[in-house]
Amino acid sequence: MTKHVIHGLTNTQLAGRARALLPRGHGFARRIHRQVMLDGRFEPESFGLGQQACTAWRSQFSFELPELVTVQSDEGDCGATSKMVLRLRDGLEVESVCIPMGRGRYTLCVSSQVGCKMGCAFCETGRMGLLRHLTADEIIAQLLVARHRLGWPIRNVVFMGMGEALDNARHVFQALRVLNDEASLAIAQERLTICTVGHAAGIRLLDQQGLKRLNLSISLNAANDVLRSEIMPINRRTDLAELQQALIAYRPRPNFALGVNYCLLPGINDTRADAEAVAEFCKPLGRVLVNLIPYNPGSVPLTRAPEEVEVERFIAWLRAEGLPVRERVTKGRKVMAA
Ligand code: SF4
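Residues numbered from 1 in each chain as written. Predicted model: local features only at pLDDT ≥ 70, side-chain atom pairs only at ≥ 80, totals over all residues. Heavy atoms only, no water.

1. Examining the pairing of strand β5 (residues 93–102)
With six bridges connecting them, strand β4 (residues 79–87) and β5 associate as antiparallel partners. Its bridge partner being in β5, S82 is matched across the sheet by C98. From the end of β4 to the start of β5, which pair antiparallel, there are five residues, and G91 there has a positive phi angle of about 90 degrees. Of the strand pairs in this sheet, β5 and strand β6 (residues 105–109) are connected by five bridges, and their pairing is antiparallel. Directly across from C98, in β6, lies its bridge partner L108. (Pairing = 2+ DSSP bridges. Helix = DSSP H or I, 4+ residues; strand = E, 2+ residues; numbered from the N terminus.)

Here it is in structure tokens:
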């Protein structure tokens, strides 16, 4: 019999299933859920439940975290950037990265798929192809391992690890509900970010979820169709005009600011004309914040890492076009986490 995985459910969902499946002991569902999510333990006995009720709980529900394979850390000015690798039930592995944000705050960058079918030319994961989607519990497990096994004080969660989050919308949306569940993890929507390569259908679906305070960012990386189709194959199906329309329609709240991630690739997307094209693309999108990310060459580099002077010059061009820009300091180069 397939058991219901507790950490893939919200508090209310678990209570509903327990009521339907358990003849006794279901009244403890909400406390059991909080124990799993907040303490990383599943011990129905600890609530004084009798033997039969505990056996029933264990026969219908499970809580098991994936095996922690490796943890690598790279010390930086505002804390360590750490990457963990987890082995899933079927032996496949995924990565999550803990990024220091300063003042003792950390963001966990979670994976939503094993591999990815989007094939972005600058990305290591893209070379694997898509092996499978992660389930909601496998996404949540990354946070629970980070908090309960490694003691990382995670405050924010960003879907920017392996995979395209909106290509796995059903499980990612359920994971968002679990993360945001006020009765347990209670991570505010403002502290959750979906990052997408520009999955227009997924953006429309996300809009229907009613998550008004959620953050959304896109990986733009080129604002002309020829170049973007070359380095990001999704652009051959969803060109910049269609992506722009989907983003114009996505207005979850009046003060919403779209994150626009731009990975600076020297010799590829770093001319003044590229900066002007970014500004042109962003013009009808309302408030945006451009995150400029210096390229971090992987094992099969597309180009070299940009010099600081090249990064500064591109930022200056974007600002001259009136765009607010933040340089994302490349953290964790050594652990290949940037
Ligand atoms: S969508 Fe993300 S994970 Fe997938 S290939 Fe592109 S950059 Fe890599």
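The structure having been displayed, the exposition proceeds.
2. Some details on the site of the ligand
In the region of the ligand, the neighbouring residues are C116, M118, G119, C120, C123, G126, G163 and V197. Considered class by class, the residues forming the shell around the ligand number five nonpolar, three polar and no charged. (Near = heavy atom within 4 Å. Nonpolar A, V, L, I, M, F, W, Y, C, P; charged D, E, K, R; others polar.)

3. Considering the sheet that holds β5
On the basis of which strands lie adjacent, the open sheet formed by ten strands has the order β3-β4-β5-β6-β9-β10-β11-β12-β13-β14 and mixed pairing. Taken across any chain shown, the strands that pair with only one partner, and hence form the sheet edges, are β3 (67–76) and β14 (325–327). Each strand axis lies, on average, 25 degrees off the axis of its neighbour in the sheet, ignoring direction. Where helix α11 (residues 308–320) meets the sheet, it contacts β12 (258–264), β13 (288–294) and β14, and its direction lies at approximately 165 degrees from that of β14. (Axes fitted to C-alpha atoms, helices over the stretch in contact; angles between N-to-C directions. Contact = heavy atoms within 4.5 Å.)

4. Some remarks on the side chain of N168
Mapping N168 onto the fold places it in the loop between β9 (154–159) and α5 (169–180). A distance of 2.9 Å separates a polar atom in the side chain of N168 from the backbone oxygen of L134. A distance of 3.0 Å separates the side chain of N168 from the side chain of H171, its partner in a polar contact. Ignoring sequence-local partners within four residues, the contact set of N168 consists of S112, Q113, H133, L134 and I139. (Polar contact = N/O pair within 3.5 Å; in protein donor to acceptor, adjacent residues only side chain to side chain.)

5. What to know about the pattern of salt bridges
One pass over the full model with this rule turns up 17 salt bridges. Between R87 and E93 there is a salt bridge, with the nearest N and O atoms lying 2.9 Å from each other. E93 gets classed as partly exposed once you look at its relative accessible area, which sits at 33%. Here E138 ties to R89 by a salt bridge, and the two come within 3.6 Å at their closest N and O atoms. (Salt bridge = Lys/Arg side-chain N within 4 Å of Asp/Glu carboxyl O. Buried < 20%, exposed > 50% of the residue type's maximum accessible area, 1.4 Å probe, protein only.)

6. Considerations on the packing of helix α4 (residues 136–149) against α5
In the contact formed by α4 and α5, the axes pass within 8 Å of each other and the chain directions differ by 45 degrees. When the interaxial angle is binned, α4 and α5 end up oblique. Seen along the crossing, α4 lies across α5 with a hand that is right-handed. Contacts between α4 and α5 pair A136, I139, I140 and L143 from the former with H171, V172, Q174, A175, V178 and L179 from the latter. Looking at the contact of α4 with α5 residue by residue, the classes come out as eight nonpolar, two polar and no charged. (Parallel < 35°, antiparallel > 145°, perpendicular 65-115°, else oblique. Left-handed = near helix turned anticlockwise from the far one by under 90°.)

7. A word on the packing of aromatic side chains
Inspection of every chain in the model, using the stated rule, returns six aromatic pairs. Measuring from centroid to centroid gives 4.9 Å for W57 and F61, while their planes differ by 40 degrees, and the two rings are tilted. For the pair W57 and F61, one class covers both residues: buried. Seen in terms of ring centroids, Y262 and F314 are 5.2 Å apart; in terms of plane orientation they differ by 20 degrees. Their pairing is stacked. Of this pair, Y262 sits in strand β12 while F314 sits in helix α11; the two residues are 52 residues apart in sequence, bridging distant segments of the chain. Here the two residues Y262 and F314 agree in accessibility, since each one is buried. The rings of F42, W57 and F61 are connected pair by pair, giving a single aromatic cluster. Across the ring face of F42, the terminal group of R58 is positioned such that the distance to the ring centre comes to 5.2 Å. (Phe/Tyr/Trp six-rings, centres within 6.5 Å; stacked < 30°, edge-to-face > 60°. Lys NZ or Arg CZ within 6 Å of the ring centre and 35° of its normal.)

8. Examining the packing of helix α10 (residues 272–282) against α11
Look at α10 against α11: their axes get within 9 Å of each other, and the N-to-C directions meet at 40 degrees. Taken together, α10 and α11 sit at an angle that is classed as oblique. Between α10 and α11 lies a crossing whose hand is right-handed. Across from R272, D274, A275 and V278 in α10, the residues of α11 making contact are F314, W317, L318 and A320.

9. Focus: the side chain of N156
Take N156: it is sitting in strand β9. At 3.1 Å, the side chain of N156 and the side chain of T107 are in polar contact. Apart from the residues lying within four places of it in its own chain, the contact partners of N156 are M101, Y106, T107, L108 and R191.

10. Brief notes about the pairing of β3
In the sheet, β3 pairs with β4 via nine bridges, with the strands oriented antiparallel. The residue bridging G76 from the neighbouring strand is G79, located in β4. Hairpin connection between β3 and β4: a loop of two residues separates the two successive antiparallel strands.

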